[in-house]
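Structural characterization, general
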Amino acid sequence: MIQKSIIMALTLTVIIITGCSQKAPDLNANTGSNNVSDANQIAGETVSIDENAYGNENGANSGTFNSSSDGFQSIYFDFGDYSVSSSMENKIAENTNIVNKHNNQIKLEGNCDEFGTDEYNYALGLKRAKAVKDSLISEGIAASRIVIISYGESNPVCSSPTDSCYARNRRVDLRLVK
Amino acid sequence: MKYILLILLSFNLFAADATLKIEKDVEQRTRIALIDASGVVNNTFFKILQSDFKISGHFLVDKTHHKGDLNSNYLLPVVKSKDYVLKYSLSQQTGTKLMIRLLKASDSTEVYKKSYAIPTKNKMPFLAHKAVSDINNVLKYSDISWINRYVVFARYTTPGKSEILLADYTFNYKKVIIKGGLNLFPKWADDKQKNIYYSAYNGLKPVLYKMNIYTGGKEKIISSEGMLVCSDISKNGSKILLTMAPEGQADIFELDVSSKSKRKITNFNGIDVSGKYIDDESRIVFVSNRLGYANIFKKSIHSSSVSQMVYHGRNNNAVDAHGSQIVYSSRESQNTFGSNTFNLYLTSSHGRDTRPLTTTGANQFPRFSTDGSVILYIKHRGAGSSIGYINLASHQSLLFPLSGRKIQSIDW
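Since the model is a prediction, treat every value here as computed from it, not as a measurement.

A short note on the overall build of chain B
From N to C terminus, chain B includes three helices and 30 strands. For chain B, the spread of C-alpha atoms along the three principal axes comes to 70 × 65 × 40 Å. Counting across all 412 residues of chain B, residues that qualify as buried make up 50%. The long-range fraction of contacts in chain B, counting pairs at least 24 apart against all pairs at least 6 apart in sequence, stands at 41%.

Below you can see the structure in the form of structure tokens.
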């Protein structure tokens, strides 16, 4: 019975592989002969823009992007997770105290490890930033003072292929908006 | 039992990976030999021609790099067994010039003759693509003009920095068009490939720009707190699907580009990203973690009900669509860290006819060609990465090595 089934399957396989025939057409010698250049659509030169020369708005890349600045402490997350763990509650409280010493807006930057693809990783980083924002709001900080952004996997502080390194990249950094 | 065997054998049959070569219609494909009449032989150009003929699915190209004369109709006996012979001469003294003659191998009859010229040397691969696509058309095979298109992609340079580049599909041509800052998620804005959308993450809020790649002129489309990605564009370019978070929550929106009016399509207190139009653009597929892990779902733009599309895999976090065809990446190993197997699957908007397209490595960033006939993807295997192409009709696949920096997002 099994042997019969295998023969049937192989027969089907051969039929599918073979498919429909597709013979080379027989064309006249003069068809399509010409000598004109027909590459205009790829000849045009495209731009080359260096945005380093433009500067960056609001100091987003001020050189301190690898960790929190202005006395804040980064909040770290488990793999694939975006809830603030109990082990991070002390850091939330300390960060709240620092916020209360300033009048500036606070920027929360969500980050991820490299184990995700494009859009999903940026959304995961955003969820982390939103979770820290909600924690700060629950500590009495006004929502209007907080700006969140996700940098996905674009801003690692560690690039070694180790679990501890990956854990350092799953974080939210806090900064004053200056 | 026999049905199970039939299903298993048929399912594996369609896995078209570089490691699993399926030579469909070998007897039926047009056999062609290449004769190089260039003053200075360019092996890269020869290899690009070979790749172009192969990925078309219509040609069985001779691997020998024959040398000969362009204008003579004499053919070596060894190539007379082919159907056609392509004689070509490439010159890069000033710019790039290419002359081609297509001859019938049996009697040396000239079938096609053409010359091409562009003022730059670095765009040489595009002349190969154009010539092969023209020959393909002359022989009245189904269109392969996708090989003439630019690929646009973003790659990371240093932490917090990226650049956006153009490439030909083989990545032999590459050019940085935006460097500096953190500019991400480039997406072609029109069929003519004159404009791209991209997201600039250089301030407090990400900004979506539309930029002309020839003039550099750019227009601010919209900004959003948190994240902002242009995920898909309607066929006529009038509407775009965005992942954005105006209230700190990533959801999918449809934006009318002219009026700037937007409609919220998903509303979930988790992650909804990567919206892609399907069918007649009244519905979308997207990636969501509403079941606790990344998976593929679909919904109508005009109603709230959501349907799960994929029922396998531990993490299905990338999707693309063309009409009713859907391709997605599915994680099929359990490593939290390190190497994982991600395979590509092709399915339909009805969820039928699902079949694997790859069998090894981590295969991600699947993107349909404009005609839906070919899928581009990035393959990571071991320490190396490649850009891959799968011709869905002929099951031909190609891999071109990628070196250096990590690709962030890609479109073509």
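Thoughts on the pairing of strand E5 (residues 171–176) of chain A
All names here are of chain A. Burial analysis of E5 places five of its six residues in the buried class, the great majority of the element. One ladder, built from two bridges, connects strand E2 (residues 75–76) with E5; its direction is antiparallel. Bridge pairing in E5 places Tyr 76 opposite Arg 171. Strand direction decides the pairing type here: strand E3 (residues 106–110) and E5, joined by five bridges, are antiparallel. From the neighbouring strand, Leu 108 faces E5, where its bridge partner is Leu 174.

A few points about the confidence of the model for chain B
All names here are of chain B. Residues of chain B with pLDDT of at least 70 account for 91%, and the chain-wide mean is 90. Of the regions scoring below 50 in pLDDT, residues 4–24 engages in 41 contacts with residues more than four places distant in sequence or in other chains. The complex model carries a pTM of 0.84, and its ipTM stands at 0.86.

So, the sheet that holds strand E17 (residues 262–264) of chain B
Residue and element names in this part refer to chain B. The strand order across the open sheet built from four strands is E14-E15-E16-E17, with neighbouring strands paired in antiparallel fashion. In the strand order of this sheet, the two ends are held by strand E14 (228–233) and E17, each with one partner. Taking the axes of each pair of neighbouring strands and ignoring which way they run, one obtains an average angle of 30° across the sheet. In terms of strand pairing, strand E15 (residues 239–244) meets strand E16 (residues 251–256) through six bridges, oriented antiparallel. Across the sheet, the residue bridging to Thr 243 is Ile 252, located in E16.

Regarding the environment of Lys 194 of chain B
Residues and elements named next belong to chain B. With respect to the helices, strands and loops of the structure, Lys 194 is situated in the loop between strand E10 (183–188) and strand E11 (195–200). Separated by 70 residues in the primary sequence, Lys 194 and Met 124 have C-alpha atoms spaced 20 Å apart. When residues no more than four places from it in sequence are discounted, the contact partners of Lys 194 are Asn 212, Ile 213 and Tyr 214.

Some words on unusual backbone geometry
Residues and elements named next belong to chain B. We note that Ser 108 has phi near 65°; this positive angle belongs to a residue other than glycine. Note that Ser 108 resides in the loop between strand E5 (96–104) and strand E6 (110–118). Positive phi outside glycine occurs at His 395, with the angle close to 65°. You can see His 395 is positioned in the loop between strand E28 (384–391) and strand E29 (397–402). The exposure class assigned to His 395 is buried, which follows from the 22 C-beta atoms found within 10 Å.

The rules behind each value
- Numbering of residues starts from 1 in each chain and follows the order in which that chain's sequence is written.
- Throughout, the order in which chains and ligands are written sets their labels, letters from A for the former and numbers from 1 for the latter.
- Reporting in this predicted model follows two pLDDT cut-offs: at least 70 for local features of residues, and 80 or more for side-chain atom pairs to be given and counted; totals over whole chains, interfaces and linings ignore these cut-offs and use all residues.
- Helix and strand definitions follow DSSP, with helices as H or I runs of at least four residues and strands as E runs of at least two, each counted in order from the N terminus.
- The burial label depends on the number of other C-beta atoms within 10 Å of a residue's C-beta. Counts of 20 or more mean buried, 12 or fewer mean exposed, and intermediate counts mean partly exposed, with C-beta atoms placed from the backbone.
- By the criterion used throughout, residues are in contact when their C-beta atoms, derived from the backbone, lie within 7 Å.
- Pairing between strands is defined by DSSP: at least two bridges between them are needed.
- Confidence of the predictor in every single residue is expressed as pLDDT, which spans 0 to 100.
- Convention adopted: a line fitted to C-alpha atoms gives each axis, helices being fitted over their contacting stretch, and angles between N-to-C directions are expressed from 0 to 180 degrees.

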